[in-house]
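Single-letter residue listing:
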Amino acid sequence: MNRFNAPLQIGLIGAGRMGRSHAAAIASEPGARLSAIADPISKALAEELEVPHYVAPADLLATNPDAVIIATPNDQHVATALACIEAGIPVLLEKPVGVNLDEARLLARRVQELGVPVLVGHHRRHHPVVQAAKDVIAAGRLGDLVAINGLWLTRKPDDYFDSWRRSPGAGVLLINLVHDLDIFRYLFGEIDGVQAITSNRIRGFEVEDTAGLLLSFVSGAVGTLTGSDTVAAPWGWDQSAGDDPQFAQHPDQSAYTVAGTKGSLSIPQLNLWTYKGNTDWHHDLSMEVVPRAEGGALQRQLRHFITVARGQADPIVSVADAAKSLAAVEAVQQAAASGTQIEVTPLETSE
Ligand SMILES: NC(=O)c1ccc[n+]([C@@H]2O[C@H](COP(=O)([O-])OP(=O)(O)OC[C@H]3O[C@@H](n4cnc5c(N)ncnc54)[C@H](O)[C@@H]3O)[C@@H](O)[C@H]2O)c1
């Protein structure tokens, strides 16, 4: 067995909720093997999976794994990823790429200088539904894109917040809505302006639990996104796309509605609505379901990461790309704080 068909030896840094999901994905992927885990607090997953445990990520890196997955709290992402790429080790870095644009820019620059690949874990981009939606748009079936609406509404358990998740660097924007903004960008192109209202009224933490966003795109299209981790509701990607069994699933409830001059699409159902004969509101609408490939986003992301780590593919979500989704979040934070419309800062990097 040569280096290219031996399973990729992957070290996991951060063995909490998401680290456990990555470990499960590795366990069902013949092309990968979990080599070791680093986590300063939790030994449980390493013991359960019978792999070496390290307290310090540096000690895991010293074992020279082929690649590393980072699933630490958000404010540890950039420092941990820098340590990996300085050691020449390819990284799958959980989202958000960083907690502010300055540190994301630093990471993007070092990725460019060192030439070590980093894939950012905006896993929804790997979901077959997202690719099918992108293909419908590219084929012109929606006409000129006019508007997108997104909902991410659920109630997280109170004890989930007995952690880093109540402090700056967390909040529903950086933990959840950054995923939605990333998909909006992927489907509609870059966001250039935002207005926003955020609230911490229900949980009372320093960070927001609820946000309402108004977005403009470079194309001239508009968007709205409403998110909250405090409410009883079935609407949101995690409840409908089948990516995360920890959420109650409601596959018939849409997360996004996309509207164009010729047609509109619900996601993830992929219900495509058009007026009969491409006409107007005096005519009936017809609905067809767009076909899509099978498969889960996390497993497909891992398969892609294996090819990225082996130098066979460029990351579908690079640091520079993910930094644009972070730039949108940062603009939302500024818009909410100032009560004004904020332009999204472009990212100066050629990665
Ligand atoms: N892609 C997704 O859908 C998705 C879903 C959930 C979480 N996430 C992201 O995954 C990351 C982890 O979230 P989580 O919910 O698993 O959090 P968690 O608190 O459950 O787990 C984090 C783990 O990291 C460990 N840790 C803390 N500092 C560390 C360090 N310096 N080095 C190594 N380990 C360290 C903690 O001990 C803990 O076990 C976050 O960035 C989060 O935004 C992504």
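A brief report on the enclosed structure follows. (Residues numbered from 1 in each chain as written. Predicted model: local features only at pLDDT ≥ 70, side-chain atom pairs only at ≥ 80, totals over all residues. Heavy atoms only, no water.)

**What to know about the overall build of the protein chain**
How we decide: Numbered from the N terminus, helices here are DSSP runs of H or I no shorter than four residues, and strands are runs of E no shorter than two. Two things to know: the radius of gyration comes from C-alpha atoms, and the globule rule equals 2.2 Å times the number of residues to the power 0.38. Shrake-Rupley sampling with a 1.4 Å probe provides the accessible areas, and residues are treated as covered by the protein chains on show and by no other component. Charge counting treats Lys and Arg as positive and Asp and Glu as negative, with His and both chain ends excluded. Positions of charges follow a simple convention, taking NZ of Lys, CZ of Arg, CG of Asp or CD of Glu.
If you tally the helices and strands in the protein chain, you get 10 helices and 15 strands. For the protein chain, the C-alpha radius of gyration of 20 Å lies close to 20 Å, the compact-globule estimate for 351 residues. Along the three orthogonal principal directions, the C-alpha set of the protein chain runs to about 65 × 50 × 40 Å. Accessible area of the protein chain: about 15400 Å², with a carbon and sulfur share of 53%. Considering the protein chain, the positive charge centre built from 27 side chains and the negative charge centre built from 40 side chains are found 3 Å apart.

**Some words on the nonpolar core**
Inclusion rule: Only buried residues count toward a nonpolar core. Its members are Ala, Val, Leu, Ile, Met, Phe, Trp, Tyr and Cys residues joined through side-chain atoms within 4.5 Å. A 1.4 Å probe rolled over the protein chains alone gives each residue an accessible area, and that area as a share of the maximum for its type sets the label: buried under 20%, exposed over 50%, partly exposed in between. Domain extents, as shown, originate in an automatic or database domain assignment. We call two residues contacting when some pair of their heavy atoms lies within 4.5 Å.
In terms of nonpolar packing, the biggest core is built from 101 residues, with Ile10, Val97, Leu107, Val194, Leu213, Leu265 and Ile267 touching the most fellow members. Two domains each put at least three residues into this core: domain 1 (8-124 + 298-317) and domain 2 (127-291 + 330-338). Those residues in contact with Ile10 that lie beyond four places of it in its chain are Ile26, Ala32, Arg33, Leu34, Ser35, Ala36, Ala67, Val68, Ile69, Leu302 and Phe305. Ranked by size, the runner-up nonpolar core spans six residues in total, among them Tyr160, Phe161, Ile175 and Phe205.

**Focus: the packing of helix H5 (residues 101-114) against helix H10 (residues 319-338)**
Think of two packed helices as two axes; the pair is described by the angle between the axes and how far apart they sit. The line we're drawing: Axis angles are defined between N-to-C directions and span 0 to 180 degrees, where every axis is a line fitted to C-alpha atoms and, for a helix, only to the segment in contact. Each angle gets one of four labels, with under 35 degrees taken as roughly parallel, over 145 as roughly antiparallel, 65 to 115 as roughly perpendicular, and the rest as oblique. Asp, Glu, Lys and Arg are counted as charged, while Ala, Val, Leu, Ile, Met, Phe, Trp, Tyr, Cys and Pro are counted as nonpolar; the rest, among them Gly, fall into the polar class.
As a packed pair, H5 and H10 sit with axes 10 Å apart at the nearest point and diverge in direction by 170°. The orientation of H5 with respect to H10, classified from their angle, is roughly antiparallel. Residues Leu101, Ala104, Leu107, Ala108 and Val111 of H5 touch H10, and the partners they reach there are Val319, Ala323, Leu326, Ala327 and Glu330. Tallied by class, the residues present in the contact of H5 with H10 amount to nine nonpolar, no polar and one charged.

**Structural notes on the sheet that holds strand E8 (residues 191-199)**
What counts is decided by this rule: We call two strands paired when DSSP finds no fewer than two bridges between them.
Spatially, the nine strands line up as an open sheet ordered E14-E13-E12-E11-E7-E10-E9-E8-E15, and their pairing is mixed. For this open sheet the edge positions go to strand E14 (285-289) and strand E15 (342-343), each flanked by a neighbour on one side alone. Relative to strand E9 (residues 210-217), E8 runs antiparallel, the two sharing eight bridges. Each bridged residue has a counterpart across the sheet, and for Gln195 the counterpart in E9 is Leu214. Lying over the sheet, helix H7 (residues 172-188) contacts strand E7 (145-153), E8, E9, strand E10 (222-228), strand E11 (256-260) and strand E12 (264-267), oriented at roughly 155° with respect to E7. With respect to the sheet, H10 is in contact with E8, E9 and E15, its orientation differing from that of E8 by roughly 55°.

**Quick look at the sheet that holds strand E3 (residues 53-54)**
The sheet built from six strands is open, its strands ordered E3-E2-E1-E4-E5-E6 with parallel pairing. The open sheet terminates on both sides in strands that have one partner only, identified here as E3 and strand E6 (118-121). For strand E2 (residues 32-38) and E3, the ladder comprises two bridges, and the chain directions are parallel. In the sheet register, Ile37 faces E3, and the bridge partner there is His53. Against the sheet, helix H4 (residues 77-86) makes contact with strand E1 (8-13), strand E4 (67-70), strand E5 (91-94) and E6, and its axis sits at roughly 180° relative to E5, the strand it touches most.

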